[in-house]
Structures are given as C-alpha cells and as structure tokens.
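Here's the letter readout for the chains.
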Amino acid sequence: DVQDEIVANLPGCERAEILQHGYAVEYDMVRPHQIHATCETKSIAGLFLAGQINGTSGYEEAAGQGLVAGLNAARRARGDDAVTLRRDQAYIGVMMDDLVTKTPREPYRMFTSRAEHRLILRSDNAADRLTPLAISWSLTDSARESAHTQRTEQLSAVRTAVDSARVGGKPLAKHAKQPGYTPTDFAADLKAHGFDAAQLSVGVLDTALAELQYEGYIARQRAEIKRHAEMERRSIPDALDPRSITGLRTEAAEALARFKPDTVGQAARLEGINPADVSVLLIALREAANLTGTKNGAGG
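Below: a short report on this structure. (Residues numbered from 1 in each chain as written. Predicted model: local features only at pLDDT ≥ 70, side-chain atom pairs only at ≥ 80, totals over all residues. Heavy atoms only, no water.)

**Here's the deal with the side chain of Gln-266**
- One can find Gln-266 in helix α11 (residues 264–268).
- With residues up to four places along the chain from it excluded, the contact list for Gln-266 reads Ala-37, Asp-97, Val-100, Thr-101, Glu-232 and Pro-261. (Helix = DSSP H or I, 4+ residues; strand = E, 2+ residues; numbered from the N terminus. Contact = heavy atoms within 4.5 Å.)

Encoded structure:
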C-alpha cells in the first residue's frame with residue numbers, strides 16, 4: 001500500500017499499476033560503541049555477536065565475524081586472552097575496526113577500497129600472513145602447518161635464486177620490474193640460472209614476483225605501519241574519563257566517552273577526533289601512567 005501511494009504521487013504515474021511490489025529488509029543492530037573488535041559486547045561480558053546484528057550485509061562479512069566471535073568465545077571459555085586482527089594483517093581486521101569506530105549510514109560491506117594497506121593485504125599472500133596466526137591460535141591441523149612450512153621454504157629459495165641471477169647484465173630483481181614482465185618470464189629466467197620453478201607449489205612464483213615488482217611500495221607501507229604501531233598497541237584504561245582531560249575538545253571527549261575505544265589507534269579513527277586530540281590524549285595517558293608509577297613506587 002505504501003509503494004502504491006508513492007508511485008501514484010509521481011508525476012505521470014497517477015494511473016500506474018505495480019505488477020510486482022518490491023520488498024524491504026529491516027533488522028535491528030547494535031551500535032559501534034557497544035562492541036569490541038573481538039566481537040564481544042561491552043555491556044555483557046562473554047556475549048559475542050556476529051553478522052547482521054553488527055550492522056553488516058553479506059555472507060563473507062558474517063563468516064569473518066563468526067570466525068572472530070567463535071575464536072574469542074572459545075578462548076574465553078579456556079581462560080585465554082581475547083585476540084584481534086590488525087588493519088594491516090587482514091581484511092577481517094579492517095572490517096572489525098570499521099565496525100567499532102564508524103557509525104554506519106547503510107549496511108556495511110567489506111570493499112578493498114576501505115583498506116589503506118591493500119598492497120600488503122593481497123590474495124596471493126593470505127596464507128603467508130594468516131597461517132602463523134592460525135597456528136598460534138590453535139586453528140590449524142598438521143597438514144595445513146606442513147603446507148605452510150613448505151611454502152615458506154620455497155619462497156625463501158626463490159628469493160635466494162633471484163639474488164644471484166642476472167639477465168642482460170643487470171640483476172634479475174631489477175629486470176623483473178620492466179613493463180609486461182610475467183610469471184612465465186620469471187620462471188624462464190630462473191630456469192636459465194638452474195632453478196626449476198615447475199617444482200614449486202601453486203602460487204609461490206606469483207607471490208615472489210609480486211614482492212619483487214612492488215617491493216618499493218610495500219616497503220613504504222611497512223614503514224608507515226611501523227610508525228603507527230605504537231598507537232595501535234597503546235591501550236586506553238576503562239577508568240579514564242575523557243571529560244576530565246585538560247585541553248581536550250568537547251566533541252572529542254564526547255566521542256571517546258561514547259565509543260570507549262580500546263586503543264589510541266582506534267581513538268584516532270573515530271569521527272570527531274583530530275590529530276591534535278590524539279596528542280592531548282597521549283599526554284594524558286603518559287601523565288596517568290607516571291602518576292600510577294609514582295603511587296606504586298611510594299607504596300612499594
């Protein structure tokens with residue numbers, strides 16, 4: 001009935017008849033300030049949420065959250081600390097960080113454009129990035145671990161072969177960066193220097209070549225990640241009252257009080273927070289740490 005009325009009010013559509021009405025999907029969701037990047041709710045310890053309730057749309061998005069929520073629920077049951085993925089480690093990390101720092105205006109989908117470290121978060125190196133984490137979190141079996149070890153050794157062997165190879169009088173590492181150079185060319189050049197790429201596991205050659213061709217840009221991104229690592233590691237105590245921080249803008253204090261970010265890195269990505277606010281927050285955290293240290297020292 002609503003659609004009939006809307007269409008009938010459009011100029012020229014007064015007598016239009018709708019043969020098949022459209023449909024709308026509505027669902028309730030928790031707000032970004034109500035969950036941690038671990039998928040655990042802030043108000044109810046031990047309750048983990050995943051999927052549409054967190055404001056996302058799509059099977060892959062739900063599956064990624066389900067992995068994080070299931071993993072952390074199991075770790076809590078075992079008495080282990082919760083874990084998260086960083087924005088430079090996985091697209092799941094990008095998604096979870098976005099879900100707890102940005103107020104959605106529409107159902108969230110994970111687009112590659114949302115990731116600032118896309119050259120590192122490539123599909124060809126997903127196993128290299130994530131298998132070590134999966135092993136440390138007890139999410140793998142012996143077959144997966146064996147495959148990872150073999151792939152790591154093969155990548156190392158390719159890099160060693162590249163270091164000593166020359167084509168046309170110049171290093172293969174430089175020759176491989178010329179326009180139009182393909183994995184087939186790469187395999188041929190390696191074979192000419194006694195390295196048979198045909199024995200490599202699927203995808204190893206592609207990853208090795210991608211690292212060569214984009215090494216300058218990748219190095220730049222890793223340097224940027226290193227610069228921001230301190231903020232990502234710096235936690236914000238639950239007891240800190242943003243409104244009590246001298247020099248912090250009201251808008252920033254309200255954003256911090258509402259979202260209660262776990263780290264300074266998360267705080268820096270909140271709407272309403274600018275670089276100057278982050279500097280003030282860091283000063284307040286250092287002062288709080290010094291004050292705590294002085295009290296502990298006096299008591300000791």
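**Observations concerning the packing of aromatic side chains**
- For the coordinates displayed, the defined rule picks out one aromatic pair.
- Here Tyr-181 and Phe-186 contribute two aromatic rings whose centre-to-centre distance is 6.4 Å and whose plane-to-plane angle is 65 degrees, an arrangement assigned as edge-to-face. Here Tyr-181 matches Phe-186 in class, with each residue buried. (Phe/Tyr/Trp six-rings, centres within 6.5 Å; stacked < 30°, edge-to-face > 60°. Buried < 20%, exposed > 50% of the residue type's maximum accessible area, 1.4 Å probe, protein only.)

**Quick notes on the nonpolar core**
- Formed by 19 residues in total, the largest nonpolar core has its most connected members in Val-158, Val-162, Leu-172, Phe-186, Leu-190 and Leu-200.
- Listed by contribution, the elements that provide at least two residues to this core are α5 (142–164), α7 (183–192) and α8 (204–213).
- For this core, the element with the highest residue contribution is α8, accounting for five residues.
- Membership of the second largest hydrophobic core comes to 17 residues, among which are Ile-236, Leu-256, Val-264 and Leu-285. (Core = buried A, V, L, I, M, F, W, Y, C linked by side-chain atoms within 4.5 Å.)

**Section: the pattern of salt bridges**
- According to the stated counting rule, one finds 19 salt bridges in the structure shown.
- Across the pair Glu-232 and Arg-269 runs a salt bridge, and its minimum N-O distance is 2.7 Å. Here the residue Glu-232 occupies a position in helix α9 (residues 215–233), and Arg-269 occupies one in the loop between α11 and α12 (275–299), the gap between them amounting to 37 residues.
- Across the salt bridge formed by Asp-277 and Arg-249, the nearest N and O atoms sit 2.7 Å from each other. (Salt bridge = Lys/Arg side-chain N within 4 Å of Asp/Glu carboxyl O.)

**Considering the packing of helix α4 (residues 126–136) against α5**
- The contact between α4 and α5 brings their axes to 11 Å, and the two run at 140 degrees. Taken together, α4 and α5 sit at an angle that is classed as oblique. Of the two possible hands of crossing, α4 and α5 adopt the one that is left-handed. Listed contacts from α5 to Ala-127, Asp-128, Thr-131, Pro-132 and Ile-135 of α4 are Arg-144, Glu-145, His-148, Arg-151 and Leu-155.
- Taken together, the residues of the contact of α4 with α5 break down into four nonpolar, two polar and four charged. (Axes fitted to C-alpha atoms, helices over the stretch in contact; angles between N-to-C directions. Parallel < 35°, antiparallel > 145°, perpendicular 65-115°, else oblique. Left-handed = near helix turned anticlockwise from the far one by under 90°. Nonpolar A, V, L, I, M, F, W, Y, C, P; charged D, E, K, R; others polar.)

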